[in-house]
Amino acid sequence: MTDPDDTTPAIAVDDVTVAFGGVSVLDGVSTTVQSGTFVGLVGPNGAGKTTLIRSITGALTPDAGTVEVAGERLANLPSRAASRLVATVPQSTASTFAFDVRRIVAMGRTPHVDRLGSPTPADHRAVEAAMDRAAVTDLADRPVTEVSGGERQRVFLARALAQDAPILLLDEPTSDLDVNHQVQTLEILSSLVDEGRTVVAAIHDLDLAARYCDELRLLADGRIRASGPPASVLTDDTVAAAFDTQATVVDHPVTGTASVTAVAADAGDATGHVHVVAGGGAATPLLYRLDTAGFDLSVGPVGTADRDAETARALGADLVTVPPYAPVDDAAQTATTERVRRADATLVAPVALADGNLSALRIAAASPSLVVVDGGPVEARNHAGAAGRRVDAALRDRGDVVDADSVVDTVRAVVADTDALTRDTLPEADLRR
Amino acid sequence: MRVSVRTSAWVGGLCAALAAVALVSTAVGPVTIGVGSVADIALAALLGGTSDAPASHRIIVLSIRLPRIALGAVVGFALAAAGTVMQGFFRNPMADPSIVGVSAGAATGAVAAIVAPVSVPFGLPAAAFAGALIAAFGVYLLASEGGRTPVQTLLLAGIAVQTFLGAVVSFLLVNAGRDLREAIYWLMGHLHDSTWGEATVAAAVVLPSFCCLLVYARDLNVLLLGEEDAHSLGIEVERTKRLLLAVSSLLTASAVAVAGVIGFVGLVVPHVMRLLVGPDHRILLPTSALAGAAFLVATDTLARSGAAEIPVGIVTAAVGAPFFLYLLRTREVSAP
C-alpha cells in the first residue's frame, strides 16, 4: 500500500489558492504529506481545512497552484483511477435516501466493480471487514437515515475502508462522535497508518489531534501557520494567534501529549493586582477565572511541581515557589509578604491546612483586603491540629468568605474598596508566633 | 445476490400483474368480449394458430384494443422509469419526467403543428418529439457553465423554460380557432386511435433507453449520496448526469410524443415503488417501470369504460392525486 517510489510524497500541495466569490479561502498553501504518516489539519472554523481537503480530492479546482497525489494530478486521472488512490470521508453526508448501512458501505466498492459486472465474493468480504473494523456490523441492515449522527459518521468511515485506497482524507471524522468513539475512530486511523496507508484528517479536538497524529498542519485565515510534529505546532503562541484566543498548552497528565486549554479571547476589563494563596490545585479554577476577568495575578507560595504552579506559569502569573512538599522558608515568606502588601486583594483558595503552609496563611490573614473561598468544614482539610483551626478561624473572621462562583465579583468589590485605603498598613500579625 | 433475487421476484410478480391487467382491459369495452376469448385470440395471433372467436371480435381485440394497451404500457413504462431517474437525479421528491421542460416542449411542438396551416412531415408526434428534445437540450445549455451542470440551476432553468413555453402554448391556443378542441384534447393526454405502428416505434426507443438506464442504476445509487461523494467513489459525475438526463428525456419525449401530456404517472409510481422496494435503483427502476405500465393500462381502461371516453391524463391525475395525498398524510413519503 505504500507508494512505489518512496521519494514521492503521498500528497504534494504547491502554492494552492482558492477564492469563493472574491473571498480568499486558501492563500498560497504549500505542504507535503509523506507516505505512511498521519497528518492532522487543525485550525479554527473557516480556516480553510475543508477547502484544502476538497482541493486534494479534486472536488474543487484551485484558482492557482497544483495538487499532486502520489505524483499524479488527480484532475487528470479518470475518476475511477483517482478513487482507487484516495478515499474520502465527508464532513456531513445528509443521506435522505433510506439505503441500508450495508448498501452504503458497499458503495465504497464502486471503483472496484465493473459497471456490467456484479460484486465478487472478495467485494462482499471487503464490505463485511470494513463494517467490522468501523464497528457498524450491528447496524448493517438498518436504514442509514435511522441511525444517529455519530453512527452515520462511522458508516461513512466504513465506506472509505471498503474503498481500500492507500490514501484517506477525512473531514472532521470525529465531530459527531462521543468521546469513546472519537478515540476508537482515531485508533482505527492510526492502525491504517501502521499498515502503511497515509491519512490526512481535519480534526477539531486539538488534544486528540496531538495524541494521534504524526504531524499537524495548523491553518488560519487560509494559510498554514505551523507545520510539524504536534509538540512543535501546538504552542501557546501559535494556538493563540490561529484561534484568536488566549490558550495554554501543557502536557496532558495521562497521555503525555500536548493538551490545549483555551480561555476567553478577550481579557476582561478588571484592573488591580490579586495575590492568590494556592496549593494542591485548589486555586486552578479560580486562577483561570481571575485571569479571564483581567486581574494581574501573583501566586504563592506553592511547590514548584504543584498543579497550581503549573497553572500560574501557563497564565504568566508572578509566582512564589518552594521545593515540592517543603515548608515555606523565610525567603518565600518574605516574597509572599511583599506581594500581599502590594496586592489590591488577597485571595485564599480552599487549600489544605498543614504545618508547612500555616505561615503563608497567617501572612494572608493579615491582609486588610482579604477574600477567602469557602472550603467547607475545616476538619476535612486540616492536617495541622489546633494551630490549623486557629488560622482557619482567623481567615474566616477577617476576610470575606465566598463560594467559588462569586469570587470574581467579590474580588472586584474588594479591589475597588482598597483604592480608597492606604496599602502599607499591614499590621504585624498578632497571629505570628 | 440478495438484490438480484429480490429484483427477479418483484419483476416476475409485476409482469404477471401487467399481463392480468392487460387481459382484463382487453375484455372491457363497448363490446364485451370474454377474458377466455381474449386470451384465445391473443394466443392464436401470437402463435400463428386459428381462433374460434368471431372475426369482429378478432378485429376489436387485435387492431383496436391491444395496440392501445400496448402503447399505454410502453408510455407508462417510459414515464415511470424517467420519473424514477429524475427524482434520484435531482434528489427532489417533486421531480417528474418533465422537470427539464420535456412536456412543455412537446406541447409547444404539438400545438404548433395542430395550429399551423402547413402540414408537418411525419405529423404531430414528430413535431412533439422534436419540441421535447429541443426544450430539454435548451434547459441543459442554460444551466451549464464551465462543464458543470448544477442540479439546482437545472431545476430552476427547467421551471423558467416551462413557464415560458406555457405562455407560448396559451398564445397558440388563443389563436387556434377551430383547432382549439383538437389541441386541448392532445394536451390532456390520450391513447385513443393507437396503432401497432406507434406502439412499435415508441417501444423501439423506450426499451434500449431503459436498458441504458439500468446499466447506470448503481451509479445512480451513488449519485444519491451527493455529487462530491459520487466523485470520490469514482463516478464521472458530469458525464453520468449528462447521460442520465439525455436518456430519460428521450424516454419522456417518446412517451409524450405519442400520448400527449400524461401527468402523475412519473411522479407517483416511483414514490409508491420506493416505499415498497426501497431506494436501490437496481430494483426500483425495473419495478417502477413495470408498475407504471400496469397503472397506465388500468387507468386508461377506466378512461374509456365510461359512457363517453375521457382523456387518460384526467384519470391518472384524478386517481393519482388523492392516493398521493393519502401517502403524504400518512407521512410515508419522504424526500428521495
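Above this text is the structure in question.
What counts and what doesn't
Residues numbered from 1 in each chain as written. Chains lettered and ligands numbered in written order. Predicted model: local features only at pLDDT ≥ 70, side-chain atom pairs only at ≥ 80, totals over all residues. Core = buried A, V, L, I, M, F, W, Y, C linked by C-beta atoms within 7 Å. Buried ≥ 20, exposed ≤ 12 C-beta atoms within 10 Å, placed from the backbone. Contact = placed C-beta atoms within 7 Å. Pairing = 2+ DSSP bridges. Helix = DSSP H or I, 4+ residues; strand = E, 2+ residues; numbered from the N terminus. Axes fitted to C-alpha atoms, helices over the stretch in contact; angles between N-to-C directions. Parallel < 35°, antiparallel > 145°, perpendicular 65-115°, else oblique. Left-handed = near helix turned anticlockwise from the far one by under 90°. Nonpolar A, V, L, I, M, F, W, Y, C, P; charged D, E, K, R; others polar. Expected span 1.5 Å × (residues − 1). Arc of directions from axis to C-beta.

(A) Quick peek at the nonpolar core. One finds Val75(B), Ala81(B) and Ala132(B) to be the most contacted residues of the largest nonpolar core, which totals 191 residues. Excluding its chain neighbours within four sequence positions, the residues that come into contact with Val75(B) are Ala202(B), Ala255(B), Val258(B), Ala259(B), Ile262(B) and Leu296(B). By size, the runner-up hydrophobic cluster in this structure holds 50 residues, among which are Ala317(A), Ala343(A), Ala345(A) and Leu395(A).

(B) Here's a closer look at the sheet that holds strand S4 (residues 64–69) of chain A. Residue and element names in this part refer to chain A. One open sheet holds the three strands; their spatial order is S2-S1-S4, and the pairing between them is antiparallel. Each end of this open sheet is capped by a strand with a single partner; those strands are strand S2 (23–33) and S4. Sheet twist, expressed as the average angle between the axes of neighbouring strands with direction ignored, equals 20 degrees. The pairing of strand S1 (residues 11–20) with S4 spans five bridges and is antiparallel. Residue pairing in the sheet places Asp14 in a bridge with Thr66 of S4.

(C) View of the sheet that holds strand S8 (residues 215–220) of chain A. Residue and element names in this part refer to chain A. Taken in spatial order, the six strands of this open sheet run S5-S6-S7-S3-S8-S9, and their pairing is mixed. Two strands bound the open sheet, and with one partner strand each, they are strand S5 (86–89) and strand S9 (223–228). For this sheet, the mean angle separating the axes of adjacent strands, direction not counted, is 15 degrees. Of the pairings in the sheet, the one linking strand S3 (residues 38–42) to strand S7 (residues 198–202) comprises four bridges and is parallel in character. Bridging from a neighbouring strand, Val39 pairs with Val200 of S7.

(D) Inspection of unusual backbone geometry at higher detail. Residue and element names in this part refer to chain A. The amide bond that connects Gly300 to the next residue, Pro301, takes the cis arrangement and shows omega of -5 degrees. Take Pro301: it is sitting in strand S13 (residues 296–303). Within the chain, Asp15 stands out as a residue other than glycine whose phi angle is a positive 55 degrees. As for its position among the elements, Asp15 is in strand S1. Residue Asp15 is classed as partly exposed on the basis of its C-beta count, with 13 C-beta atoms lying within 10 Å. Unusually for a residue other than glycine, Glu172 sits at a positive phi of about 55 degrees. Mapped onto the secondary structure, Glu172 falls in the loop between strand S6 (167–171) and helix H6 (179–194).

(E) Broad picture of the pairing of S8(A). Residue and element names in this part refer to chain A. Counting buried positions along S8 yields five of six residues, so the element is predominantly enclosed. Pairing of S3 with S8 involves four bridges; the strand directions are parallel. Residue pairing across strands places Leu41 opposite Arg217, the latter belonging to S8. Alignment of S8 against S9, held across five bridges, turns out to be antiparallel. The residue bridging Leu218 from the neighbouring strand is Ala226, located in S9. Between S8 and S9, which pair antiparallel in sequence order, lie two residues; one of them, Asp221, sits at a positive phi of approximately 50 degrees.

(F) A look at the packing of helix H3 (residues 55–90) of chain B against helix H12 (residues 265–277) of chain B. Residues and elements named next belong to chain B. Contact geometry of H3 with H12 gives a least axis separation of 7 Å together with a crossing angle of 70 degrees. Classified by the angle their axes make, H3 and H12 are roughly perpendicular. Considering how the two elements wind past one another, H3 and H12 form a crossing that is right-handed. Of the residues in H12, those touching H3 at Gly76, Leu79, Ala80, Ala82, Gly83, Thr84 and Gln87 are Val265, Gly266, Leu267, Val269 and Pro270. For the contact of H3 with H12, the class distribution of residues is seven nonpolar, five polar and no charged.

(G) Main features of the environment of Ile363(A). Residues and elements named next belong to chain A. Looking at the element boundaries, Ile363 is found in helix H13 (residues 355–365). For Ile363, a count of 27 C-beta atoms within 10 Å puts it in the buried group. Residues Ile363 and Leu60, 303 residues apart in the sequence, show an inter-C-alpha distance of 65 Å.

(H) Here's a closer look at the environment of Ser144(B). Mapped onto the elements, Ser144(B) comes out in the loop between helix H5 (123–143) and helix H6 (151–174). Along the chain, Ser144(B) and Gly49(B) lie 95 residues apart, while their C-alpha atoms are 56 Å from each other.

(I) Local environment of helix H14 (residues 385–398) of chain A. Residue and element names in this part refer to chain A. Between its first and last C-alpha atoms H14 spans 20 Å; for 14 residues at 1.5 Å apiece the expected length is 20 Å, and the two agree. Among all positions of H14, only Gly388, Val391, Asp392, Ala394 and Leu395 are buried. Seen end-on, H14 carries its buried residues on one side only, within an arc spanning 160 degrees. Pointing more than 90 degrees away from the buried face of H14 are the exposed residues Ala386, Ala393 and Asp397. Contacts from the buried residues of H14 go to strand S15 (345–348), H13 and strand S16 (370–373).

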